[in-house]
Structures are given as C-alpha cells and as structure tokens.
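Fold and geometry: a report
One letter stands for each residue in the lines below.
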Amino acid sequence: MRIRTHDTVRVISGNERGKTGKVLRLAEGDRAVVEGLNFVWKHMRRSQQHPHGARIQKEAPIHVAKLMLVCSSCGKPTRISTKRLDSGEKVRVCKKCKATIAAGTV
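This is a predicted model, so every value here is computed, not measured. (Residues numbered from 1 in each chain as written. Predicted model: local features only at pLDDT ≥ 70, side-chain atom pairs only at ≥ 80, totals over all residues. Heavy atoms only, no water.)

1. Some remarks on the sheet that holds strand β8 (residues 77–78)
- With antiparallel pairing, six strands are arranged side by side in an open sheet as β6-β3-β2-β1-β7-β8. The sheet is open, and its two borders are formed by β6 (62–63) and β8, each paired with just one other strand.
- With three bridges connecting them, strand β1 (residues 8–11) and strand β2 (residues 20–27) associate as antiparallel partners. Within β2, the position partnered with Thr8 by the bridge is Lys22. (Pairing = 2+ DSSP bridges. Helix = DSSP H or I, 4+ residues; strand = E, 2+ residues; numbered from the N terminus.)

Written out as structure tokens, the structure reads:
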C-alpha cells in the first residue's frame, strides 16, 4: 500500500471529497482512518463509564482508492512511484515534482 500512517491525504471521491487530513492508522481491507473525516455515530449501551448510554461520534475507515497523497514539498495531491536508492533503500517519489517523500513524516 502506498499510503502510510502520518501521511497527509486528500479525499478524491465520496461525501468528503476535497477535504484533507492526516492518516491516523491503517485498518484491515485496504482502508485508512483519516483525522477529522468520515464521522459516524456509535451508540453505546449503559455501562459504568456511560450510566445513561451515549452517542459517540468517531472517524470511520475510508478505502485507500478514494485517497490521494499530498506531497510535502509541492503541496499538491499526487500519484507516487517508488525508487531504489544506491544504499538499497526503497523510497516513495512524487510524480509531479520528483521529490522524495519521507517514510512516515510527522
């Protein structure tokens, strides 16, 4: 998968189209949880933490096909390619500005 945790991504289709956020974690099945996007309501039953029950809003996973990586150097959503350096390390490269994208930039 070309999208990793802590990457900045833009949603390219769906209800959240055009919004940008940071990937919090990768979920199962080629999905990613993006900070501040794709909120759903979770209904909690009564417990000691929630004596009257609760409705909690939380981020739901989005399929990675709907996400596009935003390049940190040019600031545009871009496709990426991979390149192997002389040291044998494999890095991601922006298709627009040809800059390397650091792994897991915070």
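2. A word on the pattern of salt bridges
- All told, the structure shown has two salt bridges when counted by the stated rule.
- Note that Arg92 is salt-bridged to Asp7, the shortest N-O span being 2.8 Å. Of this pair, Arg92 sits in strand β10 (residues 90–94) while Asp7 sits in the segment before β1; the two residues are 85 residues apart in sequence, bridging distant segments of the chain.
- A residue is classified by how much of its surface remains accessible, and Asp7, at 2% relative accessible area, is buried. (Salt bridge = Lys/Arg side-chain N within 4 Å of Asp/Glu carboxyl O. Buried < 20%, exposed > 50% of the residue type's maximum accessible area, 1.4 Å probe, protein only.)

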